[in-house]
Amino acid sequence: MSESNETTVGVPGDTRLEHLQISKPEARWRKLPIVRDLRIAVGWQKAMLVVGLVITAFFVLVAIFAPLIAPYGYAQIKSADGVAFPTQAPPSREHIWGTTVGGFDVFSRTVWGARTAVIAIVVAVLLSIFAGVFLGLVSGYFGGWVDRVLVVVADAVYSFPSLLLAILMAIMISGGQSSLWGGILASGISITVVYIPQYFRTIRAEVIRIKDSAYVESAKVVGASTWRIMTKHLLKNSTRTLPVILTLNSSEAILTLAGLGFLGFGIEPTAAAEWGYDLNRSVADVTAGIWWTAVFPGLAIVLIVLGITLIGESLNDLADPRLRARKSAGEVVGSIEDTSVDPTERPNSDEPVVEEFMTSQDPQIAVVSRDVPDESRGVINDD
Amino acid sequence: MSSTTDAGAAPTGAKAGGAHRNRLSAGFFRFIIGRFLLIIPTVFILVTIVFFVMRATGDPISAAMGGRLTPDELQRRVHEAGYDRPLIVQYGEYLGGILRGDLGTTLTDNQPVISVLTRYGAATLELAVLALIVALVIGIGFGRLAAKYRDRATDAGVRFFAILCYATPVFFLGLVLKLVFSVGLGILPSSGRSSLQSEMQFSRLVSPTGLYIVDALQLGDIRVLGDVLMHAVLPALALGLLTAGVFIRLVRTNVISTYNTGYIEAARSRGVSEKRLMSKHAWRPALIPIITVMGMQIALLLAGAVLTETTFEWKGLGFMLSNYLKARDFVAVQGIVILIAIIVSVVNFIVDVISALIDPRVRY
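What counts as what
- Residues numbered from 1 in each chain as written.
- Chains lettered and ligands numbered in written order.
- Predicted model: local features only at pLDDT ≥ 70, side-chain atom pairs only at ≥ 80, totals over all residues.
- UniProt positions renumbered as here; feature names shortened; annotations may be inferred.
- Helix = DSSP H or I, 4+ residues; strand = E, 2+ residues; numbered from the N terminus.
- Buried ≥ 20, exposed ≤ 12 C-beta atoms within 10 Å, placed from the backbone.
- Contact = placed C-beta atoms within 7 Å.
- pLDDT = per-residue confidence, 0-100.
- Nonpolar A, V, L, I, M, F, W, Y, C, P; charged D, E, K, R; others polar.
- Axes fitted to C-alpha atoms, helices over the stretch in contact; angles between N-to-C directions.
- Parallel < 35°, antiparallel > 145°, perpendicular 65-115°, else oblique.
- Left-handed = near helix turned anticlockwise from the far one by under 90°.
- Expected span 1.5 Å × (residues − 1).

- Under an unreviewed UniProt entry, the name given to chain B is Peptide ABC transporter permease, and the source organism is Bifidobacterium pseudolongum subsp. globosum.
- As stated in UniProt under Subcellular location (unreviewed entry), the record for chain B gives "Cell membrane".
- For chain B, the Sequence similarities (unreviewed entry) comment in UniProt is given as "Belongs to the binding-protein-dependent transport system permease family."

Comments concerning the overall build of chain B
Phase 1 of the analysis: When its secondary structure is counted, chain B shows 16 helices and zero strands.
Phase 2 of the analysis: Counting every position in chain B, which comprises 364 residues, the buried fraction comes to 42%.
Phase 3 of the analysis: Considering only contacts within chain B whose residues lie at least 6 apart along the sequence, 72% involve residues at least 24 apart.

A closer look at the overall build of chain A
Phase 1 of the analysis: The helix and strand inventory of chain A stands at 15 helices and zero strands.
Phase 2 of the analysis: The buried share among the 383 residues of chain A stands at 52%.
Phase 3 of the analysis: Taking as baseline every contact in chain A between residues at least 6 positions apart, the subset at least 24 positions apart corresponds to 69%.

Section: the confidence of the model for chain A
Phase 1 of the analysis: Put simply, chain A has an average pLDDT of 70, and 68% of its residues get 70 or more.
Phase 2 of the analysis: Contacts from residues 328-383 of chain A, a stretch scored under 50 in pLDDT, to residues over four places away or in other chains number 108 contacts.

Describing the interface of chain A and chain B
Phase 1 of the analysis: In this assembly, 54 residues from chain A lie in contact with 56 residues from chain B.
Phase 2 of the analysis: Only helix 5 (144-159), helix 6 (162-174), helix 10 (242-263), helix 11 (275-287), helix 12 (292-319) and helix 14 (363-368) of chain A provide two or more residues apiece to the side of chain A that touches chain B.
Phase 3 of the analysis: At nine residues, helix 12 of chain A tops the list of elements feeding residues into the side of chain A that touches chain B.
Phase 4 of the analysis: The residue makeup of the side of chain A that touches chain B, split by class, is 32 nonpolar, 14 polar and eight charged.

Let's talk about the packing of helix 8 (residues 153-167) of chain B against helix 12 (residues 222-259) of chain B
All names here are of chain B.
Phase 1 of the analysis: In contact at an axis separation of 7 Å, helix 8 and helix 12 are set at 140 degrees when each is read in the N-to-C sense. With respect to helix 12, the axis of helix 8 lies oblique. As helix 8 runs across helix 12, the sense of the crossing is left-handed. Seen from helix 8, the contacting residues are Val158, Ala162, Ile163, Cys165 and Tyr166; seen from helix 12, they are Leu241, Leu242, Ala244, Gly245, Val246, Ile248 and Arg249.
Phase 2 of the analysis: Classifying every residue of the contact of helix 8 with helix 12 by side-chain character gives ten nonpolar, one polar and one charged.

As for the environment of Met54 of chain B
All names here are of chain B.
Phase 1 of the analysis: With respect to the helices and strands, the residue Met54 is situated in helix 3 (residues 39-56).
Phase 2 of the analysis: Residue classification places Met54 among the buried positions, given that 22 C-beta atoms sit within 10 Å.
Phase 3 of the analysis: For the pair formed by Met54 and Val43, sequence separation is eleven residues and the distance between their alpha carbons is 16 Å.
Phase 4 of the analysis: Setting aside its immediate chain neighbours within four residues, Met54 contacts Phe330, Val333 and Gln334.

As for the UniProt feature "transmembrane region" (unreviewed entry) in chain B
All names here are of chain B.
Phase 1 of the analysis: Here, UniProt's "transmembrane region" (unreviewed entry) annotation points to residues 31-54, 127-146, 158-181, 228-251, 286-307 and 330-358.
Phase 2 of the analysis: A distance of 28 Å separates the end C-alpha atoms of residues 127-146, which is 100% helix and 0% strand.
Phase 3 of the analysis: As annotated, residues 228-251 comprises 100% helix and 0% strand, and the C-alpha atoms at either end are separated by 31 Å.

Overview of unusual backbone geometry
Phase 1 of the analysis: Even without being glycine, Glu313 of chain B reaches a positive phi, approximately 50 degrees.
Phase 2 of the analysis: With respect to the helices and strands, Glu313 of chain B occurs in the loop between helix 14 (274-312) and helix 15 (317-326).

Some details on the packing of helix 5 of chain A against helix 3 of chain B
Phase 1 of the analysis: Contact geometry of helix 5 of chain A with helix 3 of chain B gives a least axis separation of 9 Å together with a crossing angle of 75 degrees. Taken together, helix 5 of chain A and helix 3 of chain B sit at an angle that is classed as roughly perpendicular. Here Val152, Val153, Asp155, Ala156 and Ser159 of chain A of helix 5 of chain A lie close against helix 3 of chain B, whose contacting residues are Pro41, Thr42, Ile45 and Leu46 of chain B.

Looking at the environment of Ser269 of chain B
Phase 1 of the analysis: In this structure, Ser269 of chain B sits in helix 13 (residues 262-269).
Phase 2 of the analysis: Sequence separation between Ser269 of chain B and Lys315 of chain B is 46 residues; the distance between their C-alpha atoms is 56 Å.

Here's the deal with helix 10 of chain A
Residue and element names in this part refer to chain A.
Phase 1 of the analysis: Its 22 residues place the ends of helix 10 30 Å apart at the C-alpha level, agreeing with the 32 Å of an ideal helix rising 1.5 Å per residue.
Phase 2 of the analysis: For helix 10, the buried fraction is high: 21 of the 22 residues fall into the buried class.
Phase 3 of the analysis: Where helix 10 ends, the next residue or the one after it, Gly264, has phi of about 90 degrees, a positive value.

So, the environment of Val129 of chain B
Phase 1 of the analysis: Examined against the element boundaries, Val129 of chain B turns out to sit in helix 7 (residues 113-148).
Phase 2 of the analysis: As for Val129 of chain B and Ala236 of chain B, which are separated by 107 residues in sequence, their C-alpha atoms are 8.5 Å apart.

As structure tokens, then:
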């Protein structure tokens with residue numbers, strides 16, 4: 001119902017809603033996923049979202065201003081006057097988080113690592129969205145044997161451990177390790193291949209659900225081109241679940257990148273700072289009681305994934321009326337009678353349930369097994 | 001077949017009536033066959049992808065021995081092994097080999113791939129089972145707790161813990177556990193599957209299973225068993241907590257959504273106690289999606305096993321896979337990947353059958 005303020009909202013048999021028109025259209029930015037969710041969130045759910053946003057913003061800022069924050073370069077092992085850094089030195093004034101076995105400054109590498117992580121996320125997510133959404137649209141709309149083949153392939157790729165797939169891709173693309181952009185691109189593409197099926201499945205399921213609805217039929221009757229139907233009618237209406245998947249996938253992308261680095265299939269240390277690689281080097285340190293080389297890059301991974309996951313979780317909960325925090329005890333959550341009269345609560349309340357994307361790796365099966373009160377709430381389309 | 005179906009259905013779908021049961025066996029049989037046949041394309045696709053991806057980087061011998069042989073020698077060995085023939089011919093031959101159950105011999109240490117799989121597979125199986133136990137205990141316990149105290153501090157705390165479990169890379173968690181328990185407190189060993197003495201004890205066994213816990217029981221030596229268990233605690237905890245994060249969320253969401261249904265409300269109004277509501281009324285229906293998704297976590301668990309085994313030098317399939325990948329031993333990698341693909345597909349098959357048994361609507 002988020003976009004429903006532009007036109008009328010209708011549920012058969014419910015006359016109250018037919019008068020529900022909002023006089024002034026809302027500003028466009030207020031309808032953006034996170035902004036909108038910030039407005040409808042309450043209580044600790046809002047706190048979760050805000051904390052997630054703050055952490056993520058922090059890392060983005062660190063990534064942008066890494067050259068200003070980090071005292072040394074990520075591959076620097078000598079100070080400006082040519083003196084080599086000590087190796088495995090405990091935290092001190094010169095090296096506030098100590099140095100690694102290779103003589104790198106832990107603090108600098110952790111800061112620079114944020115940049116690598118953010119770039120990798122952006123590359124991975126953008127690529128997989130474009131590929132996955134396109135394939136999902138085509139597959140869902142046209143059906144036929146292309147659809148069947150794509151589904152089987154996507155399912156096969158999807159069921160396979162993503163990290164292993166990413167390793168295989170990384171080896172194929174870069175032969176194991178490579179330069180800065182080569183390495184980031186290789187990791188990004190490896191991660192992409194793994195996540196395309198997720199976008200593909202989500203978009204395809206939505207497209208199949210929507211394509212038989214009346215407004216698509218009427219668009220066809222009116223003579224709209226296939227392209228127009230796909231972009232205007234299907235794409236716009238099937239992207240509602242994307243913000244959730246996008247955030248959750250970003251966090252998985254970081255973990256995959258770190259996993260690649262940890263196993264030694266990531267980015268070369270001289271090409272860019274990468275937390276997974278640093279952790280790989282610190283395995284031996286830990287047994288010797290050297291904690292600083294492991295703890296700081298590790299905490300960085302935990303924090304950034306935590307931040308992004310908190311956002312994703314909140315978006316997921318807010319999209320699902322059954323999970324949205326209740327404003328007061330006794331309020332029936334998710335029924336249209338309650339949510340529609342309250343303008344702050346109204347947007348979003350018909351969001352199709354994002355079937356706990358995180359937890360249910362296979363939304364389709366999880367959906368079937370539960371009674372989702374979709375029909376009773378009415379499906380509202382804006383075209 | 002229909003009799004086994006009924007036997008399987010009895011404990012899970014006890015509420016199904018006799019008439020329903022009859023309908024179940026006919027359509028169900030077809031569903032199982034159809035679903036089982038789906039395993040074949042899944043494994044086939046993955047085998048194909050892996051084969052061509054690996055070959056895209058060159059032939060196995062050049063990749064594995066590249067720097068160590070003269071070009072002529074390399075050429076000769078490549079030719080001997082038949083790696084200079086057209087890719088499609090090699091692919092056909094490889095598929096033929098798989099069908100005969102022959103996965104080839106590893107390039108680096110010249111062992112039959114099958115024996116590598118059985119030897120190291122046992123170690124991974126042991127780790128996975130232990131981790132699953134940890135994940136189930138924590139996941140179900142905390143998940144139900146969070147659902148019960150929904151939207152309250154307990155819930156928030158548990159959910160935060162779940163997200164933290166998920167957000168912590170398993171290798172970092174492993175390192176932290178090592179720092180605390182083996183370096184800091186010095187109470188648990190930091191790596192390996194057992195101490196040297198235990199390994200020597202195991203070599204006396206006539207038929208070792210490779211599952212050290214079982215082997216230790218075979219020996220009947222309480223010290224060996226204790227040693228093996230001590231070694232298993234940290235890896236199982238690390239891998240288990242990773243999976244537990246997903247389980248907690250899963251259990252919580254599903255219990256909450258069954259709590260919202262009418263029959264729970266009805267039961268509550270009849271005066272059924274809250275405790276009984278949770279354990280009898282809400283829990284069983286919530287189990288369906290939980291089982292489904294848990295089965296799917298096998299992929300996460302296996303990927304996690306690669307990282308956990310590397311962190312703790314737990315010599316299982318994941319540890320070996322990582323080593324073989326580094327040595328570019330493609331034959332070994334392909335063998336391990338095929339095994340993983342089969343495991344994942346079979347588990348998914350079983351999960352689908354179970355959810356179909358519990359919920360007839362799943363039968364698409």
